[in-house]
Amino acid sequence: MIRAVLVILTLSLTFLVLAPLHVLGLVLGNGLRRKVPVVFHRIVCRLLGVRIHEIGERASAEQILILSNHASWLDISVLSALAPVVFVAKSEVAGWPVFGQLAKLQRTVFIEREQRHKTGEAAAAMASRLDNGDSVVLFPEGTSSNGTRILPFRSALVGAVHHTIDHLNGPRDVVVQPVSLAYVRFGGVPVGRALRDKVAWYGEADLVPHLLGVLSMGAIDVTVSWGDVIACDPGADRKYIARRAESAVRAMTAAALRGAH
């Protein structure tokens, strides 16, 4: 518990130092709005003992829609520590203490998943981020899982790519890149069934106890696998893109978990 308190205090001080710079970047619309979150989340990962091992490379295209599996709230810091990204999250997150404010500062696109008629609005918002040069992370499973099982990818919001292509100002590439997050070791021990719930946050698990548990423990090893990009054009089928990305993420996650033992 002492470690958890120290980590929380250090993160609070870090936030107080970096927040003004980030707000300045948002006001001016300059590079600080992308650089500051990367610095913050790298510090988060360092303090939590999260060690990131990358396989493959992030695409070099200016506009990337990243389709990732989702196992934990840690996913946000892991991906944000690697590159400047914005996320797509369910609308309830906006009202969460601390996490909601952080999500807003990182220009998260909030969606109301239960109201299908608003899917178009969410896709348009994602397209706006992409068109402005942001990489957008979408968790197409629609919820978090136990980190081992990959849930079916939903295709509706992949339509954001088509919105972007329709409104491009110039010949810029838009690509979809699947990425896998696999938490492979916890405290130096391979994450098997007994330790899975220590890292993954899913189902009805309470956030605060899980958060404190992670803060109190030692090193967490996560393998981030970048898949082959899926080029998109106005005629691309969103369901095909979702299926192809799901297959890639499923294979990369299985490979990463096998390699941990």
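Residues numbered from 1 in each chain as written. Predicted model: local features only at pLDDT ≥ 70, side-chain atom pairs only at ≥ 80, totals over all residues. Heavy atoms only, no water.

1. Concerning helix H2 (residues 32-48)
Argument step 1. The first and last C-alpha atoms of H2 sit 24 Å apart over 17 residues, in line with the 24 Å expected at 1.5 Å per residue.
Argument step 2. Three or more residues of H2 are buried, namely Val36, Pro37, Val38, Phe40, His41, Val44, Cys45 and Leu48.
Argument step 3. Two residues or fewer after H2 comes glycine 49, characterised by a positive phi angle close to 80°. (Helix = DSSP H or I, 4+ residues; strand = E, 2+ residues; numbered from the N terminus. Expected span 1.5 Å × (residues − 1). Buried < 20%, exposed > 50% of the residue type's maximum accessible area, 1.4 Å probe, protein only.)

2. A look at the packing of aromatic side chains
Argument step 1. Applying the stated criterion across every chain yields a total of 2 aromatic pairs.
Argument step 2. Pairing tryptophan 73 with phenylalanine 99 gives two aromatic rings, centres 6.2 Å apart and planes at 75°, and the pair type is edge-to-face. Residue tryptophan 73 is located in the loop between strand S2 (63-68) and helix H3 (74-82), and its partner phenylalanine 99 is located in helix H4 (residues 99-105); the two are separated by 26 residues in the primary sequence.
Argument step 3. For tryptophan 73, a relative accessible area of 10% translates into the label buried.
Argument step 4. The class for phenylalanine 99 is partly exposed, based on a relative accessible area of 24%.
Argument step 5. Aromatic side chains phenylalanine 87 and phenylalanine 139 sit 6.1 Å apart centroid to centroid with 25° between the ring planes, which places their arrangement in the stacked category. Linking phenylalanine 87 in strand S3 (residues 85-90) with phenylalanine 139 in the loop between strand S5 (135-138) and helix H6 (160-166), this pair joins segments that are 52 residues apart in sequence.
Argument step 6. Judged by relative accessible area, which is 5%, phenylalanine 139 ranks as buried. (Phe/Tyr/Trp six-rings, centres within 6.5 Å; stacked < 30°, edge-to-face > 60°.)

3. So, the side chain of serine 80
Argument step 1. Topologically, serine 80 is positioned in helix H3.
Argument step 2. A relative accessible area of 1% means that serine 80 is categorised as buried.
Argument step 3. Engagement of the side chain of serine 80 in a polar contact is seen with the backbone oxygen of isoleucine 76, the distance being 2.8 Å.
Argument step 4. With near-sequence residues (within four places) excluded, serine 80 lies in contact with Pro37, Val38, His41, Val85, Phe87 and Gln106. (Polar contact = N/O pair within 3.5 Å; in protein donor to acceptor, adjacent residues only side chain to side chain. Contact = heavy atoms within 4.5 Å.)

4. Thoughts on the pairing of S5
On a regular strand, one side chain projects to one face of the sheet and the next to the other, so that they alternate.
Argument step 1. By the alternation rule, side chains of S5 split into Ser135 and Val137 and Val136 and Leu138, which are all buried.
Argument step 2. Relative to S5, S3 runs parallel, the two sharing 3 bridges. What sits directly across from valine 86, in S5, is valine 136. (Pairing = 2+ DSSP bridges.)

5. What to know about the pattern of salt bridges
Any two side chains of opposite charge can pair, on the condition that their charged atoms come close.
Argument step 1. Counted according to the given criterion, the structure contains 4 salt bridges.
Argument step 2. The shortest N-O distance in the salt bridge between aspartate 221 and arginine 51 comes to 2.9 Å. Of this pair, aspartate 221 sits in strand S8 (residues 220-226) while arginine 51 is found in strand S1 (residues 50-55), placing the two residues 170 residues apart along the sequence.
Argument step 3. The class for arginine 51 is partly exposed, based on a relative accessible area of 43%.
Argument step 4. A salt bridge links arginine 107 to aspartate 134, with the shortest nitrogen-to-oxygen separation between them at 2.9 Å. With arginine 107 in the loop between H4 and strand S4 (109-111) and aspartate 134 in the loop between helix H5 (119-131) and S5, this pair connects stretches of sequence that are 27 residues apart.
Argument step 5. Overall, aspartate 134 belongs to the buried group, its relative accessible area being 4%. (Salt bridge = Lys/Arg side-chain N within 4 Å of Asp/Glu carboxyl O.)

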